[in-house]
There are 2 protein chains.
Amino acid sequence: MVRSASEPPVKRGDEPQAVLSDVDFRPLYQQVKDAVIGKLIGGDWRPGDKLPSEFRLAAEYGVSQGTVRKALDELTAQNVLIRRQGRGTFVATHTPHRALFHFFHLVGQDGSRQLPSSRVLSVETRRATREEEARLELRAGSRVIRIDRVRDMAGRPAIVEFIVVAAKSFPGLARMPKDDLPNTLYELYEERYGMTIVRAVEKLRAVAATAREAELLGLAAGAPLLEIDRLALSIEDKPVEWRVSRCETRQHTYLSIVD
Amino acid sequence: MVRSASEPPVKRGDEPQAVLSDVDFRPLYQQVKDAVIGKLIGGDWRPGDKLPSEFRLAAEYGVSQGTVRKALDELTAQNVLIRRQGRGTFVATHTPHRALFHFFHLVGQDGSRQLPSSRVLSVETRRATREEEARLELRAGSRVIRIDRVRDMAGRPAIVEFIVVAAKSFPGLARMPKDDLPNTLYELYEERYGMTIVRAVEKLRAVAATAREAELLGLAAGAPLLEIDRLALSIEDKPVEWRVSRCETRQHTYLSIVD
DNA sequence: TTCATATAGTCTTCTATAAGATATAACGTT
DNA sequence: AACGTTATATCTTATAGAAGACTATATGAA
């Protein structure tokens, strides 16, 4: 079936509810993909939701099931959707498992993975610094929430980190009791604030521990630490969280698979 | 078309040259994919080669073009093949560009990428240590080639690294003049020895510079360095090269994109 | 009656095929 | 040299049937 501006799609038994643009000559599956992303951004479909079936979507957009399938396949490859034969297609969620295997890269020497526990040192709300404004793409004068915490791995303190998010996007977060903050924050962002992290850019450096960091981690001042500077992005590719972790890497290593 | 052990494929105008197994009930596109990988491993198709067209492959294996396409699509997603509409499908090669953007992760503070130059300190052939045997999955007593070198970025020494490969797999490599070793070794592995690196596992830690490393890099002894421990794997998923790089990260950072 | 176990039906995604559209390069003609 | 034609390649879309998963219903035994 060919779309064109001059010939609108032929009428069938049931008319498409939400037709695609008539002046868009990109491949149909691309248009469907964008439409689906739009639904996700708009919040019509939230994490964990079940999408309409391929056939239903095909009818809605006036394309065939195979075309919808190609669009959904690509989103599945990007970890935005999850599909199970016979069950349906679902919006991916931030389970602890996903947080552990996809977004947390510090593993034991033997490659074993475990989520660290965390102890919050402080939570504060204040005006953003220049650097915070730049990283989170905030307007000048915006307010941010900063969380400082220490994380244990295998029972010993291993990570000192701070986390910065825009206060506007996370109302009430700063008023939560320190001990109620979960140690997998991405789930919280998703469930309470509708912000899903789908991508992250991490920059790693080796640094020397400050006196305070050394004390918190039980090391000598100046000991080498692995610094992970992470910017977490939403599906709209907007920065949501800036986090800098400084990690002790005698017991653990950062694992990166390239292929 | 349904395959079964009892009913062999129907004869057509031109008979399939290399039929798929009759007792394999996995999806056809999977079988085609494995067949293609087999050709790559066997060296029938080498890096840069052009594959037969989708239709030709379909005829060979007795399946339809769309089925071949699905197999090739997956291999393209894995960066094993490269496809260009109207031109054909090609076996991916290790261009300097690919080495830079895919396998080299040290970037400038502003995100700019550049390949480092390299100065070889020494090349030696000797028996493998226990650790080298384990990493490269060698038999006890195997010989290895070890290359030590320093790499400059932006005109200043930034990386000290050693590289270990099995001597048996790279005959003559150790006898090359030190200054003739290219600084992108993966191209050399591919062109001269038919070993294509398609995957790598990197483990990162923060370490303190040894006296020798500090001298080579122009730093104070004990300065923090980023250690990258990389195992490079062939398409058969066999380890080909073990490399440990220690990097100065005041001017550069290791970039990792998670999605 | 109650509980467990088939079983059929229906809904889902998955696999396979075919046909036409589109991109590219080579060649021939003007 | 410029331009159109042709051959050949991948890309896009559509369709049909296979296979997995859940639900409602029927059946049989305790």
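Bear in mind that the values here come from a model prediction, so they are computed numbers and not experimental data.

### Overview of the protein's contact with DNA strand C
Then step 1. The environment of DNA strand C is made up of 25 residues, and the closest members are Glu54 and Arg69 of chain A together with Leu28, Thr67 and Gln85 of chain B.
Then step 2. Counted by atom, the contact set of DNA strand C within 4 Å of the protein is 76% sugar and phosphate.
Then step 3. Here a phosphate oxygen of DNA strand C sits 3.0 Å away from a polar atom, N or O, in the side chain of Thr89 of chain A.
Then step 4. Those elements that provide at least two residues to the surface near DNA strand C are α2 (54-61), α3 (65-77), β1 (81-84) and β2 (88-91) of chain A together with α1 (28-42) and α3 (65-77) of chain B.
Then step 5. With four residues, the top contributor of residues to the surface near DNA strand C is α3 of chain B.

### Describing the relation of the copies chain B and chain A
Then step 1. If you rotate chain B by 180° and push it 0.0 Å along the axis, it lands on chain A with an RMSD of 0.0 Å. Both copies are brought into coincidence by an operation consistent with a two-fold rotation axis.
Then step 2. Taken together, the interface assignments show that 100% of the residues at the interface of chain B recur at the interface of chain A, consistent with an identical surface on both copies.

### Notes on the domain arrangement of chain A
Residue and element names in this part refer to chain A.
Then step 1. As far as domains go, chain A holds domain 1 (3-91) and domain 2 (96-254).
Then step 2. Using only C-alpha atoms to locate each centre, domain 1 and domain 2 end up separated by 35 Å.
Then step 3. With seven residues of domain 1 in contact, the opposing surface of domain 2 contributes eight residues.
Then step 4. Both faces considered, domain 1 and domain 2 share a buried interface measuring about 600 Å² in area, 66% of it formed by carbon and sulfur atoms.
Then step 5. Taken as a group, Ile41, Pro47 and Asn79 account for 62% of the area that domain 1 buries against domain 2, more than any other trio of residues on that side.

### Regarding the side chain of Ser234 of chain B
Then step 1. If you trace the backbone, Ser234 of chain B turns up in strand β8 (residues 224-234).
Then step 2. If we skip the residues at most four places from it in the chain, Ser234 of chain B touches Thr196, Val198 and Val240 of chain B.

### As for the sheet that holds strand β7 (residues 197-208) of chain B
Then step 1. Ordered in space as β3(A)-β10(A)-β7(B)-β8(B)-β9(B)-β6(B)-β5(B)-β4(B), the eight strands form an open sheet in which the pairing is antiparallel. What marks the edges here is a single partner per strand, and that holds for β3 (106-108) of chain A together with β4 (117-127) of chain B. On average, each strand axis in the sheet is inclined to that of its neighbour by 25°, with strand direction left out of account.
Then step 2. On top of the sheet, helix α4 (residues 96-103) of chain B reaches β10 (252-258) of chain A together with β7 and β8 of chain B; it is set at about 50° to β7 of chain B, its chief contact.
Then step 3. Across the face of the sheet, helix α6 (residues 185-193) of chain B comes into contact with β5 (143-153), β6 (156-166), β7, β8 and β9 (239-247) of chain B while running at roughly 165° to β9 of chain B.

### Observations regarding the protein's contact with DNA strand D
Then step 1. Surveying the vicinity of DNA strand D reveals 25 residues, the closest of which are Leu28, Thr67 and Arg87 of chain A together with Glu54 and Arg69 of chain B.
Then step 2. Counting only the atoms of DNA strand D within 4 Å of the protein, the fraction contributed by sugar and phosphate is 78%.
Then step 3. At a separation of 2.9 Å, a phosphate oxygen of DNA strand D approaches a polar backbone atom of Ser64 of chain A.
Then step 4. In this structure, Gln85 of chain B approaches DNA strand D through a side-chain N or O atom, which is 3.4 Å from a base oxygen.
Then step 5. It is α3 of chain A that contributes the most residues to the surface near DNA strand D, four residues altogether.

### Section: the nonpolar core
Then step 1. By size, the foremost hydrophobic cluster in this structure holds 24 residues, and its most contacted members are Leu226 of chain A together with Leu226 of chain B.
Then step 2. Taken together, the elements giving at least two residues each to this core come down to β6 (156-166), β7 (197-208) and β8 (224-234) of chain A together with β6, β7 and β8 of chain B.
Then step 3. In this view, Leu226 of chain A contacts Leu204, Arg205, Ser245, Arg246, Cys247, Thr249 and Tyr254 of chain A together with Leu204, Ala206 and Leu226 of chain B; residues no more than four positions away in its chain are not counted.

### Some remarks on helix α6 (residues 185-193) of chain A
All names here are of chain A.
Then step 1. The element α6 is extensively covered by neighbouring structure, given that seven of its nine residues are classed as buried.
Then step 2. Burial in α6 covers these residues: Leu185, Tyr186, Glu187, Leu188, Tyr189, Glu190 and Tyr193.
Then step 3. Packed against the buried residues of α6 are α4 (96-103), β5 (143-153), β6, β7, β8 and β9 (239-247).
Then step 4. Gly194, located one to two residues past α6, shows a positive phi value of around 65°.

### Some remarks on the interface of chain B and chain A
Then step 1. Contact residues are listed per partner, giving 28 residues for chain B and 28 residues for chain A.
Then step 2. For the pairing of chain B and chain A, the buried interface totals around 2,500 Å² over both sides, and the portion due to carbon and sulfur atoms is 57%.
Then step 3. On the chain B side of the contact with chain A, Ala206, Val258 and Asp259 of chain B bury the most area, a combined 23% of that side's loss.
Then step 4. Viewed at the interface, chain A and chain B are joined by two salt bridges.
Then step 5. Taken together, chain B and chain A are joined by 14 residue pairs in polar contact (both at pLDDT 80 or more).
Then step 6. Of all the secondary-structure elements, those providing two or more residues to the side of chain B that touches chain A are α4, β7, β8 and β10 (252-258) of chain B.
Then step 7. For the side of chain B that touches chain A, the element with the most residues is β7 of chain B, which contributes eleven residues.
Then step 8. In terms of residue class, the side of chain B that touches chain A is made up of 15 nonpolar, eight polar and five charged.
Then step 9. With five bridges joining them, β7 of chain A and β10 of chain B adopt antiparallel strand pairing. Looking at β10 of chain B, one finds that Glu202 of chain A is bridged to Ser256 of chain B.

About the thresholds
Residues numbered from 1 in each chain as written. Chains lettered and ligands numbered in written order. Predicted model: local features only at pLDDT ≥ 70, side-chain atom pairs only at ≥ 80, totals over all residues. Heavy atoms only, no water. Near = heavy atom within 4 Å. Polar contact = N/O pair within 3.5 Å; in protein donor to acceptor, adjacent residues only side chain to side chain. Helix = DSSP H or I, 4+ residues; strand = E, 2+ residues; numbered from the N terminus. Least-squares fit on C-alpha atoms with pLDDT ≥ 70 in both. Contact = heavy atoms within 4.5 Å. Domains from an automatic or database assignment. Buried area = accessible area lost by both parts, 1.4 Å probe. Pairing = 2+ DSSP bridges. Axes fitted to C-alpha atoms, helices over the stretch in contact; angles between N-to-C directions. Core = buried A, V, L, I, M, F, W, Y, C linked by side-chain atoms within 4.5 Å. Buried < 20%, exposed > 50% of the residue type's maximum accessible area, 1.4 Å probe, protein only. Salt bridge = Lys/Arg side-chain N within 4 Å of Asp/Glu carboxyl O. Nonpolar A, V, L, I, M, F, W, Y, C, P; charged D, E, K, R; others polar.

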